[in-house]
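Coordinates in review
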Amino acid sequence: MSADALAHATPSRRLTPGRACLLLGLLTAGLALAHLTSSTGLVTGLSSLVTIPDASSETLVLHFAWWPRLAMALMAGGGLALAGVLMQQVLRNPLAAPTTLGVASGANLALMAASLLAPGLLALGREWVALAGGGLAMGLVFALAWRRGLSPVVVVLGGLVVNLYFGALAMVLLLFHQEALKGLLIWGAGSLAQNGWSDAAFLAPRLALGVLGAFWLLRPLAVLELDEAGARSLGVSLKWLRLAGLGLAVFLTGCVVSTVGVIGFIGLAAPNIVRLAGARRLGTRLLWSTLLGALLLATTDQLLQRYAGTLPTLIPTGATTAALGAPLLLWLIPRLRLNGSAPPRHAGTPAMRHPAPRRLIVGLSLALVAMAAVAVLAGQGADGWQWASPLNTDLLEWRWPRLLAAAGCGLMLAVAGTLIQRLTANPMASPEILGISGGSAIALMAAIFLLPSPGNLALVGAGVLGALAALAVLVIVNRKSGFQPERLLLTGVAITALFEAVKAVVLAGGDPRGQQVIAWLSGSTYYVDAASAVTVAGAAVVLAIIAAPLARWLDILPLGGATAAALGIPLRRARLGLLLLVALLTAAATLVVGPLSFVGLLAPHMARLLGFTRARTHLAGAALTGALLMVLADWLGRQLLFPQEIPAGLVASLIGGAYFMWGMRRL
């Protein structure tokens, strides 16, 4: 991808990088001066930067908290923006950033794991722990996308999967060590709160080293704007140059994350805004992006501090930048030009079609029945592994509702994934990847916190509305581009980022209902009773029956709108009906097993690999596979760490994410 392949049109003459930074700088300075004037007076407030004029509480707060926080915001924003420019230059991908490539989540997970398992490592240097985690995440993304030539879309998709996977692992740690990690919730959401100058003194020299390293690599990295043959003709070792550039970006990200937690979207937004404003040469982009990133974060934090007293809960700055960055990314998506190879635009026909799909469906049904028998009758108890008697009603009454709920949710997610994959002609689409589950989860969390004692019907209604809202965003953003797979995936990245921001705010607020949200997000079937299980299973069967007659649409729609219309399919009605069904399926399943599962992506993919090609058999095969996967995940979650449990949604996401990463590596 060329260095200038970002904007469709000539950048606006009215907005330049310098003017953008000047406007933000004036806004930041105005907010800062207003705060100083209202707290202690302008002269006293300015002098409190270097000395403590008096022993009043206001001047002490300014010297030990407010000024260090402003300095930290400027340094962290600048460091993340610099890392984003380096990643985009090395990968020639305008979508590369610490958050989209999973580097920030990898660093965060490494710090959480070290805090629990090896706190002595933190004494050696927390930035090195974060560097190891971020490097692991970057290595995983590279491994996933290497065989596709580091295609921009595959890189971002790999980063999204790694983000979700590491997020699931972090949720497992949080679930079992809530008290030990309670203090990390606010920090992990990106908190700039300071109680002295120690963190600023820690970060400043490391960022200075990063700036010097970027300056030293400036001329070699500029060579990457040429094609590979031209770069090699100049005697440049591309492998070592890319390693140096990405290593420096990961180091900068690790230093920032180890100090203030995960700050979302600064590393993606600042370089792209500067590029759209007209900066093309690498040196110019490095300078203006670093300055703009610093001012973006500082302005956001100043506004958050100014209005924090009017907010009902604590909102970390990192979550705020993610919430603001998601709409920005949605605005950027139609303006991005992605020339890299995209995932194949077809329904994913496998190399071999199974000669007897009905026989295979019978086999999957028998496997599901056998797995259900194991899930109900086999398990660990006080005396080790036991095979329960079918007459043991006390045990069966506890197990069969969980089995039924898991199977129903797996079926619904699988059918929803099959519908959305065939509708978009993109085998990498799913409710999880496209943000439909995230939209449903945002609405469900809002219902839990805003409605007085919401019932199941109210929660399902809220979830459906959230899923429909996410689908509406998908349609609005991608309608003009013809629903290109890469743009659909990027829209999903933005919606998922918004969900992560809302989740971070909910968990960091300290509300007792946050524990309920954690349990629900993890996808546990522990609290499912008999009535709820029957309702979920019944809804799954009804919605699957509704989807069956739509098989003809699903066979024809991937051929394109013109072909479908010529064959007599009412395009608008067909697409709206399918999207509504996807919303219902996703919301009903998300209500029980949370939004983290990969079943909606994995089950249709596995069904294609088994040889199901026609829509009718594909739907049936994916539904059985999804139910089987969720029943297996629920049973494994109960047995792996007995007597403790890993929720079914987390187990499914860990299994599904690992399988999908393995599958991407083989593409």
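Residues numbered from 1 in each chain as written. Predicted model: local features only at pLDDT ≥ 70, side-chain atom pairs only at ≥ 80, totals over all residues. Heavy atoms only, no water.

1. Here's the deal with the overall build of the chain
Within the chain one finds 28 helices and 2 strands. Counting every position in the chain, which comprises 667 residues, the buried fraction comes to 56%. In the chain, of all internal contacts separated by at least 6 residues, the share reaching a separation of at least 24 is 79%. As presented, the chain carries roughly 27300 Å² of accessible surface, and 68% of it is formed by carbon and sulfur atoms. (Helix = DSSP H or I, 4+ residues; strand = E, 2+ residues; numbered from the N terminus. Buried < 20%, exposed > 50% of the residue type's maximum accessible area, 1.4 Å probe, protein only. Contact = heavy atoms within 4.5 Å. Areas by Shrake-Rupley, 256 points an atom, 1.4 Å probe, with all protein chains shown as cover.)

2. Topic: the pattern of salt bridges
A full pass over the atoms with the stated rule returns 6 salt bridges. The shortest N-O distance in the salt bridge between Arg422 and Asp555 comes to 3.8 Å. Linking Arg422 in helix H17 (residues 393-424) with Asp555 in helix H23 (residues 551-556), this pair joins segments that are 133 residues apart in sequence. Classification of Arg422 by relative accessible area gives buried; the value is 5%. (Salt bridge = Lys/Arg side-chain N within 4 Å of Asp/Glu carboxyl O.)

3. Describing the nonpolar core
Grouped together as the largest cluster of nonpolar side chains are 196 residues, with contacts concentrated most on Leu101, Leu419 and Ile433. Excluding residues that lie within four positions of it along the chain, Ile433 makes contacts with Leu157, Leu160, Val161, Leu164, Met428, Leu489, Gly492, Val493, Thr496, Phe598 and Leu601. With 9 residues, the next largest nonpolar core counts Ala104, Ala130, Val257 and Val262 among its residues. (Core = buried A, V, L, I, M, F, W, Y, C linked by side-chain atoms within 4.5 Å.)

4. Points about the environment of Thr253
Here Thr253 is to be found in helix H12 (residues 238-260). The exposure class assigned to Thr253 is buried, which follows from its relative accessible area of 0%. In sequence terms Thr253 and Gly134 are 119 residues apart; their C-alpha atoms lie 7.7 Å from each other. Ignoring any residue separated from it by four or fewer positions in sequence, one finds Thr253 in contact with Leu80, Ala83, Met87, Pro98, Val103 and Ala104.

5. Quick notes on helix H25 (residues 571-593)
Side chains three or four residues apart in an α-helix point the same way, a direct result of the helix having 3.6 residues per turn. An ideal rise of 1.5 Å per residue puts 33 Å on 23 residues; H25 measures up with 32 Å between its terminal C-alpha atoms. Note on H25: the residue one or two positions beyond its end, Gly594, has a positive phi of about 75°. (Expected span 1.5 Å × (residues − 1).)

6. Describing a nonpolar patch on the surface
Nonpolar side chains collect at one region of the surface, where Leu33, Leu42, Val43 and Leu46 lie side by side and expose about 360 Å² of accessible area between them. When residues in the nonpolar patch are grouped by element, the largest group, 3 residues, is from helix H2 (residues 42-47). Tracing the chain through its elements places Val43 in helix H2. (Patch = residues over 30% accessible without salt bridge, like charges linked within 9 Å, V, L, I, M, F, W, Y side chains within 5 Å.)

7. Some points on the side chain of Thr59
Inspection of the secondary structure assignment puts Thr59 in helix H3 (residues 57-91). Among residues more than four places away in sequence, those in contact with Thr59 are Thr40, Thr44, Ser48, Ile52, Pro53 and Asp54.

8. Details of the pairing of strand S1 (residues 378-381)
The sheet contact formed by S1 and strand S2 (residues 384-387) spans 4 bridges and is antiparallel. Across the sheet, the residue bridging to Ala378 is Trp387, located in S2. (Pairing = 2+ DSSP bridges.)

9. Focus on the packing of H3 against helix H14 (residues 282-307)
As a packed pair, H3 and H14 sit with axes 7 Å apart at the nearest point and diverge in direction by 140°. Looking at the two axes, H3 sits oblique to H14. Taken as a pair, H3 and H14 cross one another with a handedness that is right-handed. Of the residues belonging to the contact of H3 with H14, the class tally is 15 nonpolar, 8 polar and 3 charged. (Axes fitted to C-alpha atoms, helices over the stretch in contact; angles between N-to-C directions. Parallel < 35°, antiparallel > 145°, perpendicular 65-115°, else oblique. Left-handed = near helix turned anticlockwise from the far one by under 90°. Nonpolar A, V, L, I, M, F, W, Y, C, P; charged D, E, K, R; others polar.)

10. Re the confidence of the model for the chain
Taken as a whole, the chain shows an average pLDDT of 80; of its residues, 86% reach a score of 70 or greater. The secondary-structure element of the chain with the lowest mean pLDDT is helix H11 (residues 228-233), recorded at 59, while helix H9 (residues 198-216) shows the highest, at 91. In the model, residues 1-12 has pLDDT below 50 throughout and makes 31 contacts with residues more than four positions away in sequence or in other chains. Here residues 340-351 is a poorly scored stretch, pLDDT under 50, and it has 33 contacts once near neighbours within four places are set aside; other chains count. (pLDDT = per-residue confidence, 0-100.)

11. Section: the packing of aromatic side chains
If you walk through the whole model with that rule in mind, you get 3 aromatic pairs. Ring centres of Trp66 and Trp67 lie 4.9 Å apart, and the angle between their planes is 85°; this geometry places the pair in the edge-to-face category. Exposure remark for Trp67: the relative accessible area of 11% places this residue in the buried category. Plain terms: the ring middles of Trp385 and Trp635 are 6.0 Å apart, the flat faces sit at 50° to each other, and that makes the pair tilted. Taken together, the positions of Trp385 in strand S2 and Trp635 in helix H27 (residues 615-639) put the pair 250 residues apart, joining distant regions of the chain. On the basis of relative accessibility, which here comes to 54%, the residue Trp385 falls in the exposed class. Positioned above the aromatic ring of Phe202 is the side chain of Arg206, whose terminal nitrogen or guanidinium carbon lies 4.0 Å from the ring centre. (Phe/Tyr/Trp six-rings, centres within 6.5 Å; stacked < 30°, edge-to-face > 60°. Lys NZ or Arg CZ within 6 Å of the ring centre and 35° of its normal.)

12. Focus on the environment of Thr99
Its place among the elements puts Thr99 in the loop between H3 and helix H4 (103-117). What makes Thr99 buried here is its relative accessible area of 18%. Expressed as a C-alpha distance, the spacing of Thr99 and Leu160, which sit 61 residues apart in the sequence, is 8.8 Å. Look past the residues within four positions of Thr99 in its chain and what remains in contact with it is Ala104, Asn163, Ile263, Gly264 and Phe265.

13. Some details on the packing of helix H16 (residues 357-377) against H27
Where H16 meets H27, the axes come as close as 10 Å, and the angle between the chain directions of the two elements is 20°. The orientation of H16 relative to H27 falls into the category roughly parallel. Read as a crossing pair, H16 and H27 show a hand that is left-handed. Of the residues in H27, those touching H16 at Pro357, Ile361, Leu364, Ser365, Ala367, Leu368, Met371, Ala372, Val374 and Ala375 are Thr617, Ala620, Gly621, Leu624, Thr625, Ala627, Leu628, Val631, Leu632, Trp635 and Arg638. Classifying every residue of the contact of H16 with H27 by side-chain character gives 16 nonpolar, 4 polar and 1 charged.

14. Here's the deal with a positive patch on the surface
On the surface, Arg335, Arg479, Lys480 and Arg572 cluster together into a positively charged patch. Looking at where Arg572 falls in the secondary structure, it is placed in helix H25. (Lys, Arg positive; Asp, Glu negative; His and termini not counted. Charge placed at Lys NZ, Arg CZ, Asp CG, Glu CD.)

15. Describing helix H6 (residues 126-145)
Over its 20 residues, H6 extends 29 Å from the first C-alpha to the last, a length consistent with the 28 Å expected when each residue adds 1.5 Å. For H6, the full list of buried residues reads Glu127, Val129, Ala130, Gly133, Gly134, Ala137, Met138, Val141, Phe142, Leu144 and Ala145.

16. Observations regarding the side chain of Gln88
Within the element layout of this structure, Gln88 appears in helix H3. Given a relative accessible area of 4%, Gln88 falls into the buried group.

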